[in-house]
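Here's the letter readout for the chains.
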Amino acid sequence: MPVDITEDMIIRNVVENYPQTAQVFQAHGLPCAACHIGASESVSQGARTHSLPVDALLKDLNHAANGEPLEGVKPRTKMPTGKGIPLQMAGDTKPKIRNIIAIMSGKGGVGKSLVTGLIAIALQRSGLKVGVLDGDITGPSIEQMFGVFGAPIKNETGIEALVTQHGIKIVSMNMFLPNRSDPVVWRGPMISSAIKQFYNDVDWGNLDYLLIDLPPGTSDAPMTVMQSLPLDGVVIVSSPQMLATTIVKKAIGMVNTLKGRIVGIVENMAFLRLPNGDRMEPFGSSNGADLVAMTSAPLLAQLPIDPAIASLCDRGRIEEYDSEEFTALAENFIKAVTIVR
Ligand SMILES: Nc1ncnc2c1ncn2[C@@H]1O[C@H](COP(=O)(O)OP(=O)(O)OP(=O)(O)O)[C@@H](O)[C@H]1O
Ligand SMILES: [Mg+2]
């Protein structure tokens, strides 16, 4: 009996039952297969969200599921690690950073630093070498979240990064201040220069991923990171509040203008889990589908407002965090960065 995929089937189920269809979804510019939305959206809803003709999609899905050649669409091939550069070539002793991903929002306080921390932990737990460059020069928060503090030490190859309990390398402006609470009163060019120095002068060693936590806004720090560093992708963080979403759209516009690649969207503070198990949405209902439609990038996760997160961040113990939504973020991020879009 030939397989018959219909438009009312849930995207995630289609991909789980017929893994070869993942490439078809990608090839049609519908990344929901690696997306949080795909867990609940049907093929026709996904096609509608991305303004795609459902008939052509269904035809290719059925061809792929039945092992027949695809007609119009060439599936994109996978790229296991960003630029695909081997960590070290024979005779080349210069350390390599394989993938650089910036975490950005436009809006302040939506959880960029938290998402940076969580993605770092997800990658480290899957056995990869990870560094975090705290690109928020005037309001750094990464070292507090990971609970590692210290002054810079210089070795023969550069400035040594701080290393967290689980081996993530971090560099933050606070390391360079006599007192951690001292303000950094700098204009844009100094901020840009500090970010470039963190990238160039720190002894990162070999890294699979360098994550860059960006400050809010669309000015100096994001511009420097996007124009001066070999960036592989950007993760956009938003919250359901319409005001946040509107500002986040400016950041998306900036990434598009500078020809960056959006790897995925994370919707933070999406809901609150009540003691009776109900979900409450204090900031309103999700705008994730809107952002997915705007970027064609997957919604990697919807994170709840979780007092455990705030408490672990304050105590420098974010590496202990775990939750169902964190697992979804980890799995979807890794899927999203291993597919060429
Ligand atoms: N889902 C969440 N549940 C509970 N607390 C959270 C959550 N997300 C973030 N927080 C807390 O909210 C505060 C702001 O988060 P975070 O610093 O990650 O935001 P940000 O976007 O990086 O802010 P900024 O724009 O200042 O850089 C932090 O104290 C963090 O611990
Ligand atoms: Mg921050």
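In what follows, the structure referred to is the one given above.
Residues numbered from 1 in each chain as written. Chains lettered and ligands numbered in written order. Predicted model: local features only at pLDDT ≥ 70, side-chain atom pairs only at ≥ 80, totals over all residues. Heavy atoms only, no water.

A. Structural context of the nonpolar core. In terms of nonpolar packing, the biggest core is built from 84 residues, with Ile101, Leu118, Phe146, Leu211, Val235, Ile318 and Phe333 touching the most fellow members. Residue contributions to this core peak at eight residues, all from helix H5 (residues 112–125). Counting residues in hydrophobic clusters, the runner-up holds 15 residues, among them Ile11, Val14, Leu61 and Ala64. (Core = buried A, V, L, I, M, F, W, Y, C linked by side-chain atoms within 4.5 Å. Buried < 20%, exposed > 50% of the residue type's maximum accessible area, 1.4 Å probe, protein only. Helix = DSSP H or I, 4+ residues; strand = E, 2+ residues; numbered from the N terminus.)

B. Main features of the layout of surface pockets. Put simply, the second largest pocket is a space of about 340 Å³. Along its surface, the second largest pocket is lined by 22 residues, and Gly111, Leu114, Met269, Ile309 and Cys313 are the ones closest to its centre. Contributions of two or more residues to the lining of the second largest pocket are made by H5, helix H6 (142–146), strand E10 (262–273), strand E12 (299–305) and helix H11 (307–314). With four residues, H11 is the single largest residue contributor to the lining of the second largest pocket. (1 Å grid on protein atoms, 1.4 Å probe; cavity = no way out; pocket = protein on both sides within 12 Å on 5 of 7 lines; lining within 4 Å. Points joined across faces, edges and corners; volume = space filled by probe spheres on them.)

C. Layout of the environment of Asn17. As for its position among the elements, Asn17 is in helix H1 (residues 11–17). Between the alpha carbons of Asn17 and Ala65 there is a distance of 8.9 Å; along the sequence they are 48 residues apart.

D. Highlighting the packing of helix H7 (residues 188–201) against helix H8 (residues 220–228). Two elements in contact, H7 and H8, have axes whose closest approach is 9 Å; the angle formed by their N-to-C orientations is 45°. In terms of axis orientation, H7 runs oblique to H8. For the pair H7 and H8, the sense of crossing is right-handed. Contact residues: Gly188, Ile191, Ser192, Ile195 and Lys196 in H7; Asp220, Ala221, Thr224, Val225 and Ser228 in H8. Its residues assigned to classes, the contact of H7 with H8 shows four nonpolar, four polar and two charged. (Axes fitted to C-alpha atoms, helices over the stretch in contact; angles between N-to-C directions. Parallel < 35°, antiparallel > 145°, perpendicular 65-115°, else oblique. Left-handed = near helix turned anticlockwise from the far one by under 90°. Contact = heavy atoms within 4.5 Å. Nonpolar A, V, L, I, M, F, W, Y, C, P; charged D, E, K, R; others polar.)

E. Molecular detail of helix H9 (residues 242–257). Between the first and last C-alpha of H9 there are 23 Å, a value that for 16 residues agrees with the 22 Å anticipated at 1.5 Å per step. Among all positions of H9, only Ala244, Thr245, Val248, Ala251, Ile252, Met254 and Val255 are buried. Taken down its axis, H9 places every buried residue within 165° of arc, on the same side. Opposite its buried face, H9 presents the exposed residues Met242, Leu243, Lys250 and Thr257, each directed more than 90 degrees away. Packing partners of the buried residues in H9 comprise strand E1 (97–104), H8, strand E9 (233–238), E10 and helix H10 (288–295). Lys259 sits one or two residues past H9 and shows a positive phi near 60°. (Expected span 1.5 Å × (residues − 1). Arc of directions from axis to C-beta.)

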